[in-house]
Amino acid sequence: MGTDLHELLRSLRVWDPEVTELPPLDPAAAPAEPLALFTAWFAEVVAAGQTEPHTMSLATSDEEGRPDVRTVMLHGADADGWAFATHASSRKGRQLAARPYAALGFYWPAQGRQVRVRGPVTVAPPAAARADLHARSTGALAAALTGRQSEVLGSVEELRRASEDAWELARREPDTESATWTLYRLRPEEVEFFQGDERRRHVRLRYRREDGGAGWVRELLWP
C-alpha cells in the first residue's frame, strides 16, 4: 500500500513542548544591528546540536523574473555581507549576473528559529574567491574542479570519471584554481529573526536599513 501523504502530514507535531524547548526572544534586549544577533543565534543553535546550521536556502530569479531556490552553504558573514560561493557559469551564477539580488533563509528547528536575509548581491574580488576555495576541504576543491555545474549530464558514469580526476588533481595540486569559482556577498537591506513559540505567539523582529544607509530600524511584525 502507498503512503497517505495527508495522514502523514497531520501526524507531525511542530515545536511540541514535550520534545523541544524553545528559547525566548526579547526584542528590547536585541542588539542595534542584525549581524550581532545572527552570530549569537548561530552559536546557540550549534551548541543546541542543530544539524548543518550553516546550510541555507538561496532564492534568485532569472531574466524573466521567475523564482528559483536551492540549499547552499554559508561561507561567512561580516560587515561586507553574507557570503556564499558557486560557479559563475551555474544556473544561480547566471541568474545573479542577470538580476544581482537575492534572499537567504535559515531554518533551525532545534530552537524553532528562522532568519531571513535579502538584499543586493555583489561579486567578491578574485583573490577572495581563491582564498575561500582553498580554505575548504579537499572534497570541496574536487567538487569545484569537477565543474560544469547545472549542465546536462550524460550518465552517472561520466560524473564518476570526472570526479575521480578532480579528486586526484585536488590531492596532487591543492592550490589548483577553478576559473569559474566565484564568491558572492549579499549586502542585507532587511534581516528578519523569527522565534517560534509553543502557543503560536511567535516573535518576528525585523531589521531594516534606513534609506539604504548604515543605520538600522528595528520593528516587530505580526506572526
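Residues numbered from 1 in each chain as written. Predicted model: local features only at pLDDT ≥ 70, side-chain atom pairs only at ≥ 80, totals over all residues. Heavy atoms only, no water.

K.L.:
I'd love a proper account of the overall build of the chain, names of residues and values included.
P.N.:
Secondary structure summary: the chain contains 6 helices and 10 strands in total. In terms of overall dimensions, the chain has a C-alpha envelope of 60 × 55 × 40 Å along the principal axes. For the chain, the proportion of its 223 residues judged to be buried stands at 34%. Taken as a whole, the chain presents about 13,400 Å² of accessible surface, with 52% of it coming from carbon and sulfur. (Helix = DSSP H or I, 4+ residues; strand = E, 2+ residues; numbered from the N terminus. Buried < 20%, exposed > 50% of the residue type's maximum accessible area, 1.4 Å probe, protein only. Areas by Shrake-Rupley, 256 points an atom, 1.4 Å probe, with all protein chains shown as cover.)

K.L.:
Tell me what's going on with the packing of aromatic side chains, and back it up with residues and numbers.
P.N.:
Each aromatic ring pair is described using two quantities: the centre-to-centre distance and the angle formed by the ring planes. Summed over the entire model, instances satisfying the criterion amount to 10 aromatic pairs. Centre to centre, the rings of Phe-193 and Tyr-207 are 5.7 Å apart; their planes meet at 75°, and the pair counts as edge-to-face. You can see Phe-193 sitting in strand 8 (residues 190-195) and its partner Tyr-207 sitting in strand 9 (residues 203-209), a full 14 residues away along the chain. Of the two residues, Phe-193 and Tyr-207, neither departs from the other in class, the shared state being buried. Its guanidinium or amino end placed over the ring of Trp-41, Arg-113 lies 4.1 Å from that ring's centre, counting from NZ or CZ. (Phe/Tyr/Trp six-rings, centres within 6.5 Å; stacked < 30°, edge-to-face > 60°. Lys NZ or Arg CZ within 6 Å of the ring centre and 35° of its normal.)

K.L.:
Which residues make up the nonpolar core, and what values do they have?
P.N.:
A general feature of soluble globular proteins is that nonpolar side chains tend to end up buried together. Membership of the largest hydrophobic core comes to 28 residues, with the highest contact counts inside it found for Trp-82, Phe-106, Val-115 and Phe-193. If you list the elements that add at least two residues to this core, you get helix 2 (34-47), strand 1 (55-61), strand 4 (81-87), strand 5 (101-108), strand 6 (113-123), strand 7 (181-186), strand 8 and strand 9. Among the nonpolar cores identified, the runner-up in size contains 12 residues, and Ala-85, Ala-124, Ala-166 and Ala-170 belong to it. (Core = buried A, V, L, I, M, F, W, Y, C linked by side-chain atoms within 4.5 Å.)

K.L.:
Break down unusual backbone geometry for me, citing the residues and quoting the values.
P.N.:
Leaving glycine out, the prevailing phi sign among residues is negative, and the prevailing peptide bond configuration is trans. One non-glycine residue, Glu-52, lies in the positive phi region at around 45°. Examined against the element boundaries, Glu-52 turns out to sit in the loop between helix 2 and strand 1. Of note in this structure, Ser-150 is not a glycine but carries a positive phi near 80°. Structurally, Ser-150 can be placed in the loop between helix 5 (138-146) and helix 6 (156-172). Judged by relative accessible area, Ser-150 falls into the partly exposed class, the value being 48%.

K.L.:
How would you explain the pattern of salt bridges if you had to name every residue and give the values?
P.N.:
Tallied over the entire structure, the rule returns 19 salt bridges. Ionic pairing is found between Glu-7 and Arg-10, a salt bridge with its closest N-O pair at 2.8 Å. Of this pair, Glu-7 and Arg-10 both sit in helix 1 (residues 5-11), 3 residues apart, which is roughly one turn of that helix. A salt bridge links Glu-177 to Arg-130; the nearest nitrogen and oxygen atoms lie 3.8 Å apart. One end of the pair, Glu-177, is in the loop between helix 6 and strand 7; the other, Arg-130, is in helix 4 (residues 126-134), with 47 residues separating them in the sequence. On the accessibility criterion, Glu-177 (51% relative accessible area) is exposed. For Arg-130, a relative accessible area of 36% corresponds to the partly exposed category. Sharing partners across several salt bridges, the network here consists of Glu-157, Arg-160, Arg-161 and Glu-164. (Salt bridge = Lys/Arg side-chain N within 4 Å of Asp/Glu carboxyl O.)

K.L.:
Outline a nonpolar patch on the surface, supporting the account with residue identities and numerical values.
P.N.:
On the surface, a cluster of nonpolar side chains totalling about 400 Å² of accessible area is made up of Leu-5, Leu-8, Leu-9 and Leu-12. Within the element layout of this structure, Leu-8 appears in helix 1. Look at Leu-8 and you get partly exposed, because its relative accessible area is 43%. (Patch = residues over 30% accessible without salt bridge, like charges linked within 9 Å, V, L, I, M, F, W, Y side chains within 5 Å.)

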